[in-house]
Amino acid sequence: MFVVIAKAITTNKDKKREEKMNFQTNMDWIEPADRIQILPPYIFARLDKLKAEATEKGVDLIDLGMGNPGGPTPEPVVEAAVAALKNPDNHGYPPFEGTVAFRSAIANWYRCRYGIKLNLETEALALLGSKEGLTHLALAYVNPGDVVLTPNPTYPAHFRGPLIAGAQVHSINLRPENDWIIDLGEIPDRVAEQAKIFYFNYPSNPTGAVAPREFFEDLVAFARKHEIMLVHDLCYADIAFDGFRPTSLLEIPGGKDIGVEFNSMSKTYNMAGWRVGYAAGNAKILSGLRTLKNNLDYGIFAAIQAAAATALNLPDSYLAEVRERYRVRRDFTIQGLKDLGWNVPKTLATMYLWVPCPPGISSTDFALSVLEKTGVVLTPGNAFGTGGEGYVRISLIHKCDRLGEALHRLKQANIRYQPELVRA
Ligand SMILES: *Cc1c(COP(=O)(O)O)cnc(C)c1O
């Protein structure tokens, strides 16, 4: 077996040598694998460069681009981590699939929120952040050429993971007139028959859209009919407003038979830098991901898992505080945008506003021009797939004073939605 592999490697390298006679001097015979080269360009690169230039010039940037919550991790979480850090028992390799305390906290979270019982051993898996798991799941399940369904626009890992794994990604365009909810009727039968995995995410990053329970039921029926694995990203489960309660795939009858759900500590608990998240759901699907990860990493530092368990067990009053924080920012920003001619519907969840660009300007050009004129950073919608063209995403990650300053700068620079209409 090893001989065969060695031979294949030699053959590829020989071919490259024949193609490039000067390989010894300029190293151009070293190229990233195709799976890296096929990835769509990283939209943030140009923005990052302009951000760096502006900062160098002394511009006071207001970064509403990243989904990186401002503010500290809750004090009890930090304290739990410090105590765990000082305990030498935690200094060795951690229990691979997650500590019992963390997995119990995950099970407890599902029991309290959704009345779902999870098997600690097989139905919960600790991750180095949910992005890691979302991406590796594709590597664990996709063979080159397999069809993967994703909404468009969506969080980039939902299509970049499958692309790295060699999938043919079939993206389903989302539309404002459908409230950014996936229309299953738009998926051709032929594609549905071929599809192996369906990634989806409600409440949604970047659109802020939520889907009703009936959508989840329809999707489970669709996936059962066509034998498709469902992968739901529920990382905004606890950032919802006005009494709205996001649906879990696992609470839908049959959902756990064919799907898994990913969850993040980063947003709700201001823990983006800690790199910890988890997946829950179908034991068989999780075992494939676990096997891949067994070969890639050694799990998460136990002190960080202690922190994550503490966070999941925080009292509901903490969650109420988080919701109120983002609700206030949402209302404040929507009102401010209204004064500039934008009519942005109230979101029921997430920490984002999904805002149309003024007519006639692309997402990238609009975001770059706003940055140049005001020092306010927005994310161009096409960073989330072609379906995001024509929109920018505003992250409500700063307090109202900074959001107010950003809105004030837009006004000063006369950046409005359809200025002609406003003037008339
Ligand atoms: C932020 C975000 C993630 C990544 O979360 P981590 O746990 O920090 O890796 C995953 N999915 C969505 C939809 C997100 O917005």
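Residues numbered from 1 in each chain as written. Predicted model: local features only at pLDDT ≥ 70, side-chain atom pairs only at ≥ 80, totals over all residues. Heavy atoms only, no water.

1. Let's talk about the overall build of the protein
Step number 1: When you go through the protein residue by residue, the secondary structure sums to 17 helices and 12 strands.
Step number 2: In terms of overall dimensions, the protein is globule-like: its C-alpha atoms have a radius of gyration of 23 Å, near the 22 Å expected for 424 residues.
Step number 3: If one aligns the C-alpha atoms of the protein with their principal axes, the spans along those axes are about 75 × 60 × 50 Å.
Step number 4: When each of the 424 residues of the protein is scored for burial, the buried share is 52%.
Step number 5: Put simply, 75% of the contacts in the protein that link residues at least 6 apart link residues at least 24 apart.
Step number 6: A total accessible area of about 19900 Å² is found for the protein, and carbon and sulfur atoms account for 55% of it.
Step number 7: Averaging the locations of the 46 positively and 47 negatively charged side chains of the protein gives two centres separated by 2 Å. (Helix = DSSP H or I, 4+ residues; strand = E, 2+ residues; numbered from the N terminus. Rg over C-alpha atoms; globule rule 2.2 N^0.38 Å. Buried < 20%, exposed > 50% of the residue type's maximum accessible area, 1.4 Å probe, protein only. Contact = heavy atoms within 4.5 Å. Areas by Shrake-Rupley, 256 points an atom, 1.4 Å probe, with all protein chains shown as cover. Lys, Arg positive; Asp, Glu negative; His and termini not counted. Charge placed at Lys NZ, Arg CZ, Asp CG, Glu CD.)

2. Observations concerning the environment of Asn270
Step number 1: Relative to the helices and strands, Asn270 is located in the loop between β7 (259-264) and β8 (277-281).
Step number 2: Linking Asn270 and Gln305, residues 35 residues apart in sequence, is a C-alpha distance of 15 Å.
Step number 3: Those residues in contact with Asn270, other than ones at most four positions away along the chain, are Pro69, Gly70, Gly71, Pro72, Thr73, Met265, Arg325 and Tyr326.
Step number 4: A polar side-chain atom of Asn270 sits 3.3 Å from the main-chain carbonyl oxygen of Gly71. (Polar contact = N/O pair within 3.5 Å; in protein donor to acceptor, adjacent residues only side chain to side chain.)

3. Section: the domain arrangement of the protein
Step number 1: According to the domain assignment, the protein contains domain 1 (43-63 + 317-419) and domain 2 (75-315).
Step number 2: Centre-to-centre, using C-alpha coordinates, domain 1 lies 27 Å away from domain 2.
Step number 3: Contacts between the two partners involve 24 residues from domain 1, matched on the other side by 29 residues from domain 2.
Step number 4: Each partner contributes to the roughly 2500 Å² buried at the junction of domain 1 and domain 2, and carbon and sulfur atoms together form 61% of this total. (Domains from an automatic or database assignment. Buried area = accessible area lost by both parts, 1.4 Å probe.)

4. Let's talk about the pattern of salt bridges
Step number 1: Applying the stated criterion across every chain, the model contains 23 salt bridges.
Step number 2: Ionic pairing is found between Glu186 and Arg175, a salt bridge with its closest N-O pair at 2.9 Å. Placement of the pair is Glu186 in the loop between β4 (168-173) and α9 (189-194) and Arg175 in the loop between β4 and α9, with a sequence separation of 11 residues.
Step number 3: Assessed through its relative accessible area of 33%, Glu186 is described here as partly exposed.
Step number 4: Exposure remark for Arg175: the relative accessible area of 32% places this residue in the partly exposed category.
Step number 5: The salt bridge involving Asp238 is made with Arg323; its shortest N-O contact spans 3.6 Å. (Salt bridge = Lys/Arg side-chain N within 4 Å of Asp/Glu carboxyl O.)

5. Topic: the site of the ligand
Step number 1: If you check the shell around the ligand, you find 13 residues, and the closest are Asn205, Asp233, Tyr236, Ser266 and Lys267.
Step number 2: Take Tyr236: an N or O atom from its side chain is 2.7 Å from an oxygen atom of the ligand.
Step number 3: In isolation the ligand has 390 Å² of accessible area, and contact with the protein removes 95% of it.
Step number 4: Here the shell around the ligand is composed, by residue class, of three nonpolar, six polar and four charged. (Near = heavy atom within 4 Å. Nonpolar A, V, L, I, M, F, W, Y, C, P; charged D, E, K, R; others polar.)

6. Focus on the packing of aromatic side chains
Step number 1: Summed over the entire model, instances satisfying the criterion amount to 19 aromatic pairs.
Step number 2: Each ring, one from Phe198 and one from Phe200, has its centre 6.3 Å from the other, and the planes form 70°; the classification is edge-to-face.
Step number 3: Taken together, the ring pairs connect Phe198, Phe200, Tyr202, Phe215, Phe216 and Phe222 into an aromatic cluster. (Phe/Tyr/Trp six-rings, centres within 6.5 Å; stacked < 30°, edge-to-face > 60°.)

7. Here we look at the packing of helix α5 (residues 75-85) against helix α13 (residues 302-312)
Step number 1: At their nearest, the axes of α5 and α13 sit 8 Å apart, and the two run at 150° to each other. Between α5 and α13, the angle falls in the class roughly antiparallel. Note on packing geometry: the crossing formed by α5 with α13 is right-handed. Only Ala303, Ala306, Ala307, Thr310 and Ala311 of α13 make contact with α5, whose side of the interface consists of Pro76, Val77, Ala80, Ala81, Ala84 and Leu85.
Step number 2: Taken together, the residues that form the contact of α5 with α13 break down as 10 nonpolar, one polar and no charged. (Axes fitted to C-alpha atoms, helices over the stretch in contact; angles between N-to-C directions. Parallel < 35°, antiparallel > 145°, perpendicular 65-115°, else oblique. Left-handed = near helix turned anticlockwise from the far one by under 90°.)

8. Focus on the pairing of strand β6 (residues 229-233)
Step number 1: Burial analysis of β6 places five of its five residues in the buried class, which makes it a mostly covered element.
Step number 2: Where burial is concerned, the two faces of β6 agree: the one with Met229, Val231 and Asp233 and the one with Leu230 and His232 are both buried.
Step number 3: Relative to β6, strand β5 (residues 195-200) is paired through four bridges, and the arrangement is parallel. By the bridge assignment, Phe198 is partnered in β6 with Leu230.
Step number 4: Relative to β7, β6 is paired through four bridges, and the arrangement is parallel. Directly across from Leu230, in β7, lies its bridge partner Gly259. (Pairing = 2+ DSSP bridges.)

9. Structural notes on the sheet that holds strand β11 (residues 379-380)
Step number 1: Spatial ordering of the open sheet is given by β9-β12-β11, a layout of three strands whose pairing is antiparallel. The open sheet terminates on both sides in strands that have one partner only, identified here as β9 (352-356) and β11.
Step number 2: Sheet strands touched by helix α14 (residues 316-339): β9 and β12 (391-395). Its angle to β9, the strand with the most contacts, is close to 15°.

10. Observations regarding helix α12 (residues 283-294)
Step number 1: Between its first and last C-alpha, α12 extends 16 Å over 12 residues, near the 16 Å set by a 1.5 Å rise per residue.
Step number 2: If you check which residues of α12 are buried, you get Ile285, Leu286, Leu289, Arg290 and Lys293. Down the axis of α12, the buried side of the element spans an arc of 135°, and every buried residue falls inside it.
Step number 3: Turning to α12, the residues buried within the fold contact β2 (124-127), α7 (130-141), β6, α11 (255-258), β7 and β8. (Expected span 1.5 Å × (residues − 1). Arc of directions from axis to C-beta.)

11. Some details on unusual backbone geometry
Step number 1: A cis amide bond links Tyr202 with the next residue in sequence, Pro203, at an omega value of -5°.
Step number 2: Cis geometry is adopted by the peptide bond preceding Pro206, which originates at Asn205 and carries an omega value of 20°.
Step number 3: Within the element layout of this structure, Pro206 appears in the loop between β5 and α10 (213-226).
Step number 4: Phi at Trp180 takes a positive value of approximately 60°, unusual for a residue other than glycine.
Step number 5: Looking at the secondary structure, you find Trp180 in the loop between β4 and α9.

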